[in-house]
Amino acid sequence: MQPSIPEFARNIALEARDYVMITIALVFYAFALTCFMLPYSITTGGIAGVSSIVYFVTNMMNPGHGFEVQYTYLIINVVFLIVAIKELGWKFCIKTIYAVLMLTFILWLMQRIVGNDPATGLPRPFVKNQAFMSCIIGAVIEGLGLAICFLNNGSTGGTDIIAAIVNKYRNVSLGYVIMVCDVIIISSCWFVFHDVERLVFGYATLFISAFTLDYVMNRQRQSVQFMIFSRNYSKIADAINATGRGVTVLDGTGWYTKTERKVVVCLARKRESINIFRMIKFIDPYAFVSMGNVQGVYGEGFDKMKVKKMSSKRTVVFATNNQHKLEEVRAMLGDDFEVRSLEDIGCRQEIPETGETFRENASQKAHFVKKFYGFDCFADDTGLEVEALNGAPGVRSARYASEVGHDSQANMDKLLGELQNQQNRKADFCTVIAFVTDNADYYFEGKVDGHIIDEKRGEGGFGYDPIFVPEGYEKTFAEMSAEEKNSISHRGRAVVKLVEFLRTQP
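Note that the structure is a prediction, hence the values are computed from the model and not measured.

With respect to the packing of aromatic side chains
Move 1: Scanning the model with the defined rule gives 20 aromatic pairs in all.
Move 2: Ring geometry for Phe31 versus Phe126: centroids 5.3 Å apart, planes at 80°, classification edge-to-face. With Phe31 in helix H1 (residues 5–37) and Phe126 in the loop between helix H3 (69–114) and helix H4 (131–151), the pair connects residues that are 95 residues apart, well separated along the chain.
Move 3: Exposure remark for Phe126: the relative accessible area of 53% places this residue in the exposed category.
Move 4: For the pair Tyr55 and Phe56, a centre-to-centre distance of 6.1 Å together with 40° between the ring planes defines the contact as tilted. Note on accessibility: Tyr55 and Phe56 belong to one class, buried.
Move 5: Each member of the aromatic cluster is reached from another via a ring pair, and the members are Phe435, Tyr442, Phe444 and Phe501.

Right, dumping it as structure tokens:
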């Protein structure tokens, strides 16, 4: 499905904002490194730390002409980017490539602006004769720059890539992963300088920077829970919903008055709490509101759960509770996939099917599950199309005899009655599968031609199987074994296409 023009424009604006914020973050980082770390030979973490060590060593050998940090930084990151492309994808990598190239340029420019101290050959210090103060200020600015970069889907490359890969799969903070990598890098400066003071300053920089990074990121992600007690609960719930936040309305009892009350429960980012309070006060100034900080919120609109899967199988939902269909599809998908039914995910409501085509109905069901339950989902719509009846029963196949319930016997009886004096008995079964993921919709169609016989035969199958004989066969679907039917059926052909597609996807 192609995004609409307003949505496309919004996406472009969001991407542009990311790049602007990443650039600002890189300026902070380069400023901290050039003006606070390098002048006092303080080894920071990450690839910048490795690059700094190279710079310090080469500067001692030839004062004022050390191998500048940006060049070592760029060379090492080329290797890391190869890993990033594979693990984090092109979207992450494009911004990382931008960040690496931009930081290389900003570091080069910053050193030219600051200039070198003739006495040391290193950049001039921003704070003179204050090594420890320079260490603290530089570490805070460095951590702030990293946080801004990560919050806007960027990376400064190097060990940030390692941290992002670990954070992708596990709930381990970015600051912690970077700290582990940086301890090794900073410790290595002892073997170069044999200077305890530099080692201590390096560790101080490490911990202050990591603390600042986690503090800024966690503050941005901090969530709150509202419990709102109000007689105007419906208006409050609608107003919060309109902002894009979900709400749940619980049944309660006011024990003092012994009257039933409704409680609106909402989870939101802390930065959204002021707007929510304003809405509540505008709608019901006398509402009773409780707000508390929440330690971690995972799900749509918040953070993703990142834990090791208990099974390597890919989980998909088949939007049906028809056990016959479910068994057929599970048998065809085999052990590579965990196929859940609507009952398995707790969906017990009737999903609307108001489309005029098989494709529309299948899409409607799959999108319903994806929207309200979050799973990647495929749904099928299947129907029998009889040529003499101008394609009927078609999308109404399951409710051909009655709009209430699915009565296969009544459906077959009605169809045989309508074909009683017809010579043309040609028909086909058609299945369309809609598979809906986070990124796109995919469709797979299967069809089998055949004809309708005069009376029911066979005990297997379901639906119209006892009266349908596929082309080239003498047995009805109901007389065939499950394996034989699946090998030629309309649903089988559509599922084969789905399976081939799924097995080519990561």
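As for the sheet that holds strand S8 (residues 426–436)
Move 1: Reading across from one edge, S6-S5-S7-S8-S9-S10 is the order of the 6 strands in this open sheet, with mixed pairing throughout. The open sheet terminates on both sides in strands that have one partner only, identified here as strand S6 (337–340) and strand S10 (468–470). If you compare each strand with its neighbour and ignore which way they point, the axes differ by 35° on average.
Move 2: Taken together, the 3 bridges between strand S9 (residues 441–452) and S10 define a ladder with antiparallel strand orientation.

Focus: the pairing of S8
Working note: regular strand, side chains alternate between the two faces of the sheet.
Move 1: Along S8, 10 of the 11 residues are buried, which leaves the element largely enclosed by surrounding structure.
Move 2: Sheet topology note: the strand S7 (residues 377–386)/S8 ladder contains 10 bridges and is antiparallel. In the strand pairing of S8, Phe378 is matched with Phe435.
Move 3: Two elements, S8 and S9, share 11 bridges in a ladder whose sense is antiparallel. Within S9, the position partnered with Thr431 by the bridge is Gly446.
Move 4: Hairpin connection, S8 to S9: the antiparallel pair is bridged by 4 residues.

Considering the sheet that holds strand S3 (residues 259–269)
Move 1: Strand order across the open sheet formed by 4 strands is S2-S3-S1-S4, with antiparallel pairing between neighbours. Of all the strands in the sheet, the pair left with one neighbour each is strand S2 (247–254) and strand S4 (288–294). When the angles between neighbouring strand axes are averaged without regard to direction, this sheet yields 25°.
Move 2: With 7 bridges connecting them, strand S1 (residues 223–229) and S4 associate as antiparallel partners. By the bridge assignment, Gln225 is partnered in S4 with Gly292.
Move 3: Helix H9 (residues 233–242) rests against S1, S2 and S3 of the sheet, and its axis sits at about 160° to S2.
Move 4: The strands touched by helix H10 (residues 273–283) within the sheet are S1, S3 and S4, with S1 carrying the most contacts at an inclination of about 10°.

Reading guide: rules and limits
- Residues numbered from 1 in each chain as written.
- Predicted model: local features only at pLDDT ≥ 70, side-chain atom pairs only at ≥ 80, totals over all residues.
- Heavy atoms only, no water.
- Phe/Tyr/Trp six-rings, centres within 6.5 Å; stacked < 30°, edge-to-face > 60°.
- Helix = DSSP H or I, 4+ residues; strand = E, 2+ residues; numbered from the N terminus.
- Buried < 20%, exposed > 50% of the residue type's maximum accessible area, 1.4 Å probe, protein only.
- Pairing = 2+ DSSP bridges.
- Axes fitted to C-alpha atoms, helices over the stretch in contact; angles between N-to-C directions.
- Contact = heavy atoms within 4.5 Å.

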